[in-house]
Amino acid sequence: MGYELDMINRDPNGLNDHIRVLFDEVLAEPDGAHSINCVWNCAYKCFNCWKGCCYKTLTLLCGIPLAICWGCEFAYITFWHVWYVTPCMRAYMINCGCLQKFYGTCLQCYCQPLCEAYSYCLSNIRVTNMKG
């Protein structure tokens, strides 16, 4: 394995930067509509306590089973890409390269002489404008 888990910064790639769950990111009182300070302070403590308790309970009950499910899902995706998608893409690219040469040769053999003949036939046409 050789990979050590960072127990402090658990989102080093910023995957969940969009999730804003701190008290002052969820609740805010505008100027002119302030509650009593003890209510605001108590709400802050209750919010953080219940958010922490509920989150920890949910992760305790669901975290490991969900981690197992997602581990299986990403193992399947990796398996599918390694053993099917990438070889199919490689075969497609090989065939497209061959077809590109084939169609290029056909165009050079059949269309190029026709275009040259038409251009030779039409090369002596002169257009002049006559003013009325």
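Everything numeric here is computed off the predicted structure, so don't read it as measured data. (Residues numbered from 1 in each chain as written. Predicted model: local features only at pLDDT ≥ 70, side-chain atom pairs only at ≥ 80, totals over all residues. Heavy atoms only, no water.)

Participant: I keep staring at the overall build of the protein chain and nothing clicks. Help me out?
Facilitator: When helices and strands are counted, the protein chain shows two helices and zero strands. Computed over the C-alpha atoms, the radius of gyration of the protein chain is 35 Å, more than 25% above the 14 Å expected from 2.2 N^0.38 for a compact globule of 132 residues. C-alpha extents for the protein chain along the principal axes are approximately 95 × 60 × 25 Å. Carbon and sulfur atoms make up 67% of the accessible area of the protein chain, which totals about 12800 Å². (Helix = DSSP H or I, 4+ residues; strand = E, 2+ residues; numbered from the N terminus. Rg over C-alpha atoms; globule rule 2.2 N^0.38 Å. Areas by Shrake-Rupley, 256 points an atom, 1.4 Å probe, with all protein chains shown as cover.)

Participant: I keep staring at the packing of aromatic side chains and nothing clicks. Help me out?
Facilitator: Each pair of aromatic rings is reported with the distance of its centres and the angle of its planes. Tallied over the entire structure, the rule returns seven aromatic pairs. Note on phenylalanine 23 and tyrosine 44: the rings are 5.2 Å apart at their centroids and 90° apart in plane angle, and the pair reads as edge-to-face. Of the two residues, phenylalanine 23 is situated in helix H1 (residues 23-26) and tyrosine 44 in helix H2 (residues 37-122); the sequence distance between them amounts to 21 residues. Judged by its relative accessible area of 6%, phenylalanine 23 falls in the buried class. One aromatic cluster is present, formed by Phe23, Trp40, Tyr44 and Phe47 through successive ring pairs. (Phe/Tyr/Trp six-rings, centres within 6.5 Å; stacked < 30°, edge-to-face > 60°. Buried < 20%, exposed > 50% of the residue type's maximum accessible area, 1.4 Å probe, protein only.)

Participant: Looking at this structure, I do not really get the layout of surface pockets. What am I missing?
Facilitator: Quantified by volume, the largest pocket comes out at close to 750 Å³. If you trace the largest pocket, you find 15 residues lining it, with Arg10, Asp11, Asn16, Ile19 and Tyr55 closest to the centre. Classifying every residue of the lining of the largest pocket by side-chain character gives seven nonpolar, three polar and five charged. Space inside the second largest pocket adds up to approximately 300 Å³. Broken down by class, the residue content of the lining of the second largest pocket amounts to six nonpolar, three polar and no charged. (1 Å grid on protein atoms, 1.4 Å probe; cavity = no way out; pocket = protein on both sides within 12 Å on 5 of 7 lines; lining within 4 Å. Points joined across faces, edges and corners; volume = space filled by probe spheres on them. Nonpolar A, V, L, I, M, F, W, Y, C, P; charged D, E, K, R; others polar.)

Participant: Looking at this structure, how should I read H2?
Facilitator: Three or four residues apart is the spacing at which side chains of an α-helix point the same way, because the helix has 3.6 residues per turn. Over its 86 residues, H2 extends only 91 Å from the first C-alpha to the last, a length that falls short of the 128 Å expected when each residue adds 1.5 Å. The sharpest bend along H2 comes to roughly 50°, located at cysteine 62, with the proline proline 65 sitting one to four residues further on. (Expected span 1.5 Å × (residues − 1). Bend = angle between axes of the 7 residues up to and from the residue.)

Participant: Got a minute to help me understand a nonpolar patch on the surface in this structure?
Facilitator: A cluster of nonpolar side chains, Leu66, Trp70, Phe74, Tyr76, Ile77, Phe79, Trp80, Val82, Trp83 and Tyr84, forms an exposed patch at the surface whose accessible area comes to about 1100 Å². Tracing the sequence through the fold places leucine 66 in helix H2. For leucine 66, a relative accessible area of 48% corresponds to the partly exposed category. (Patch = residues over 30% accessible without salt bridge, like charges linked within 9 Å, V, L, I, M, F, W, Y side chains within 5 Å. Salt bridge = Lys/Arg side-chain N within 4 Å of Asp/Glu carboxyl O.)

Participant: Can you walk me through the pattern of salt bridges in this structure?
Facilitator: Pairs may arise between side chains of opposite charge once their charged atoms sit close together. Counted according to the given criterion, the structure contains one salt bridge. In this structure, glutamate 25 engages arginine 20 in a salt bridge whose closest nitrogen and oxygen atoms are separated by 3.9 Å. On the accessibility criterion, glutamate 25 (37% relative accessible area) is partly exposed. We classify arginine 20 as exposed; its relative accessible area is 54%.

Participant: Help me understand the environment of glycine 97 in this model?
Facilitator: In this structure, glycine 97 sits in helix H2. Owing to a relative accessible area of 26%, glycine 97 belongs among the partly exposed residues under this scheme. C-alpha of glycine 97 to C-alpha of leucine 122: the two residues are 25 residues apart in sequence and 35 Å apart in space.

Participant: Help me understand the state of the cysteines, please; the structure alone is not making it clear to me.
Facilitator: Note on terminology: disulfide describes a covalent bond linking the sulfur atoms of two cysteines. Throughout the structure, instances matching the rule amount to zero disulfides. Note on cysteine 49: no disulfide assigned, nearest cysteine sulfur contributed by cysteine 53 at a separation of 4.1 Å. Cysteine 49 sits in the partly exposed class, given a relative accessible area of 41%. Sulfur of cysteine 115: no disulfide; nearest cysteine sulfur belongs to cysteine 111 and is 6.1 Å away. Judged by its relative accessible area of 52%, cysteine 115 is exposed. (Disulfide = S-S within 2.5 Å.)

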